[in-house]
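Residue strings, one per chain:
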Amino acid sequence: MKILGPLLFVMALEGVMSQSKRNLKLSAKSPNRKGPPPGGDTEHAANAKEVVPAVPPQVDSAMAPQPGNPFLPQQPIQRLADDMKLLFLKNTLVTCNDGTAAGFYLREAKGSKRWLIFLEGGWFCFSKDMCDMRYKSSRRLMSSSEWSQTRKGSGILSAQADENPYWWNANVVYVPYCSSDMWSGTLAKSGPAEYAFMGSLIIQEVIKDLAPKGIKQAKIVMLAGVSAGALGVLLNIDQVAAALQEMVAESVQVRGVVDSGWFLDLKPLNPSQCVDALHCTTIDAIKNGLRLWGGILPDTCRQQFKKNDEWQCLMGDKLQPSLKTPIFLIQWLFDEEQLKLENIHLGVHLWSERQWNGIQSMGREIKSSLRDIPAVFVPACFSHVLITKSNWLQTQVKGHSVARALQCWERSLSENNKTVKAPARGCSFHLIDNCPWPQCNPTCPALHDPITGKEISIRQVLQKKDVDYHRKGS
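Just so it is clear, the model here is predicted, and its values are computed rather than measured.

A. View of the overall build of the protein. Helices and strands together make up the secondary structure of the protein, namely 12 helices and 16 strands. Sorting the 474 residues of the protein into buried and exposed places 55% on the buried side. Within the protein, contacts between residues at least 6 apart in sequence are counted, and of these 75% link residues at least 24 apart. For the protein, the accessible surface area stands at approximately 21100 Å², while carbon and sulfur atoms represent 51% of it.

Next up, the structure:
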């Protein structure tokens, strides 16, 4: 293995990263600042360039229509409250895992014809024993009994224009994840000790309950999700689009945003028999889960596979080509949660050289699978989930934040919502980092030691591992 190149690259990069982060902080304070940060490589010198477009201040008279965007309110709307309010589903037969009422949080923006429906993430359980453990440790993900009456949004869910420059004044719907089934389940609770798995049905009922709230007048509906919620978007987006097109009198454009839910059928580093929850590959877990949940898969994908192979429709590269609805994909090249499935943890265990090779192989496979997809944002970083983080504007690829890329993508979609026009100059939405190493993008989120909580550099992470990078680099 050629170790010298990576180490020298990482050592040189640290200076670039620290300088770039200082410039990002300065640019956040001075949004009109232009020009690349001093230092920095040819690809990422542009990463500190982006200026988030100025937005009107949030005043009671609200925001005027944005030039060139017919879907922003054409009449004044009231200043938005930060809080989303909890509403339970009218259909009480569609429930969380434990039989408690499912529901959603809503923040209305009177006068806006844009709706953002968000599916929460939180992995899944695939056996009775595992679901029992999940219920004890993470009851919020299986029951509504502990949900608060209100919640605030961050990132793309924020009502603050400086944090969320393009979607702050949309109607926002936050659907908590309480079905543990990747939003695919259709089974009701069958007994006191059993669980319901009704994720797909919950989404259908949310759409119905939004009809009297104004979604019938919608012009744009964005179904977004992170992690398991992102896979929920892929599985349900065409069904949601069909339901809305029947409900809405005028034409409605439905789109999907998939953040950190792009799973591939990769060869596991440590293959094992699925004898319990702790010794089961992701693929085996998904196969078992689909049977437990009564999980449904899009017909257009399922019909391509033989019986018992339909589980492949939970793999992003197999499912996405069959979708009719436009999708924007956000995926970290080195997704922390997917790495944990291979028992690779930052700052905890020693990495073997085999694991380090596995990390880089994952990055190459993910990058290859996304090359031909029109709308993507793919930073070469260790992280998981982006759009709901309050600092989501800081991470950039080729000079664009994900918010800016989303806006460019939206503008590119034709009115029939099925074809994508070429991006306008300086407004890209197919953004994949070219540099090959983890954290090579100087705008990557900082790494933190999971035990001490202190910020650590990529070089410190590598030097802790069970490969003598320091000696070979010297």
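B. A look at the environment of Gly294. Along the polypeptide, Gly294 turns up in the loop between helix H5 (282-293) and helix H6 (299-302). For Gly294, a relative accessible area of 22% gives the class partly exposed. Apart from residues lying up to four places away in sequence, Gly294 is in contact with Ser184, Gly185, Thr186 and Leu187.

C. Geometry of the pattern of salt bridges. Counted according to the given criterion, the structure contains 8 salt bridges. Between Lys110 and Glu108 there is a salt bridge whose closest N-O contact spans 3.0 Å. In this structure Lys110 comes out as exposed when scored by relative accessible area, which is 58%. Glu108 gets classed as partly exposed once you look at its relative accessible area, which sits at 32%. For Arg302, the salt bridge identified is with Asp299, shortest N-O distance 2.5 Å. Of this pair, Arg302 and Asp299 are both found in helix H6, 3 residues apart, which corresponds to roughly one turn of the helix. Take Arg302: its relative accessible area is 33%, and that puts it in the partly exposed class.

D. Structural detail: the sheet that holds strand S7 (residues 253-259). The 10 strands lie next to each other as S4-S1-S2-S5-S3-S6-S7-S8-S10-S14, forming an open sheet whose pairing is mixed. The sheet is open, and its two borders are formed by strand S4 (150-152) and strand S14 (430-432), each paired with just one other strand. The average undirected angle you get between the axes of adjacent strands in this sheet is 20 degrees. By the bridge criterion, 4 bridges tie S7 to strand S8 (residues 327-330) in an arrangement that is parallel. Note that in S8 the partner of Val257 across the bridge is Phe328.

E. Structural detail: helix H3 (residues 199-210). Compared with an ideal rise of 1.5 Å per residue, which puts 12 residues at 16 Å, H3 spans 17 Å between its outermost C-alpha atoms and is within 8% of the ideal. Within H3, 9 of the 12 residues are buried, which leaves it mostly tucked inside the rest of the structure. Along H3, the residues classified as buried are Gly199, Ser200, Ile202, Ile203, Glu205, Val206, Ile207, Asp209 and Leu210. Tucked inside the fold, the buried residues of H3 contact strand S1 (83-88), strand S2 (103-107), strand S3 (114-119), strand S5 (171-175) and helix H4 (228-247).

F. Layout of unusual backbone geometry. You will see that Met182, though not glycine, has its phi angle at about 60 degrees, which is positive. Taking relative accessible area as the criterion, Met182 reaches 1% and is therefore assigned buried. Positive phi, normally seen in glycine, also occurs at Ser227, with a value near 55 degrees. Here Ser227 is to be found in the loop between strand S6 (220-226) and H4. For Ser227, a relative accessible area of 11% translates into the label buried.

G. Geometry of the side chain of Asp335. Residue placement: Asp335 occurs in strand S9 (residues 334-335). Look at Asp335 and you get buried, because its relative accessible area is 0%. Of the polar contacts made by the side chain of Asp335, one reaches the side chain of Gln331; its length is 3.3 Å. Within polar-contact distance, the side chain of Asp335 engages the side chain of His384 at 2.9 Å. What Asp335 contacts, discounting residues up to four positions off in sequence, is Ser260, Ser383 and His384.

H. Fine view of the packing of H3 against H4. In the contact formed by H3 and H4, the axes pass within 11 Å of each other and the chain directions differ by 25 degrees. One element, H3, and the other, H4, form an angle in the roughly parallel class. The two elements H3 and H4 cross, and the hand of that crossing is right-handed. Facing Ser200, Ile203, Gln204, Ile207 and Lys208 of H3, the residues of H4 in contact are Asn236, Gln239, Val240, Ala243, Leu244 and Met247. For the contact of H3 with H4, a count of residues per class yields 6 nonpolar, 4 polar and 1 charged.

I. Inspection of the pairing of S7 at higher detail. Most of S7 is tucked away, with 7 of its 7 residues classed as buried. Side chains Gln253, Arg255, Val257 and Asp259 of S7 all project onto a buried face; the interleaved residues Val254, Gly256 and Val258 project onto the opposite face, where all are buried too. Across 7 bridges, the pairing between S6 and S7 is parallel. By the bridge assignment for S7, Gly225 is matched with Val258.

J. Local environment of the packing of aromatic side chains. Considering all chains together, one arrives at 11 aromatic pairs under this definition. Relative to Tyr174, the ring of Tyr105 has its centre 6.4 Å away and its plane inclined at 80 degrees; by these criteria the two rings are edge-to-face. One end of the pair, Tyr105, is in strand S2; the other, Tyr174, is in strand S5, with 69 residues separating them in the sequence. Of the two residues examined, Tyr105 and Tyr174, each falls in the buried class. Arranged with centres 5.9 Å apart and planes meeting at 50 degrees, the rings of Trp123 and Phe263 form a pair that is tilted. Here Trp123 is found in the loop between S3 and helix H2 (128-137), whereas its partner Phe263 is found in the loop between S7 and H5, with 140 residues between them in sequence. Arg151 extends its terminal NZ or CZ atom over the ring of Tyr105, reaching a point 5.6 Å from the ring centre.

Conventions used here
- Residues numbered from 1 in each chain as written.
- Predicted model: local features only at pLDDT ≥ 70, side-chain atom pairs only at ≥ 80, totals over all residues.
- Heavy atoms only, no water.
- Helix = DSSP H or I, 4+ residues; strand = E, 2+ residues; numbered from the N terminus.
- Buried < 20%, exposed > 50% of the residue type's maximum accessible area, 1.4 Å probe, protein only.
- Contact = heavy atoms within 4.5 Å.
- Areas by Shrake-Rupley, 256 points an atom, 1.4 Å probe, with all protein chains shown as cover.
- Salt bridge = Lys/Arg side-chain N within 4 Å of Asp/Glu carboxyl O.
- Pairing = 2+ DSSP bridges.
- Axes fitted to C-alpha atoms, helices over the stretch in contact; angles between N-to-C directions.
- Expected span 1.5 Å × (residues − 1).
- Polar contact = N/O pair within 3.5 Å; in protein donor to acceptor, adjacent residues only side chain to side chain.
- Parallel < 35°, antiparallel > 145°, perpendicular 65-115°, else oblique.
- Left-handed = near helix turned anticlockwise from the far one by under 90°.
- Nonpolar A, V, L, I, M, F, W, Y, C, P; charged D, E, K, R; others polar.
- Phe/Tyr/Trp six-rings, centres within 6.5 Å; stacked < 30°, edge-to-face > 60°.
- Lys NZ or Arg CZ within 6 Å of the ring centre and 35° of its normal.

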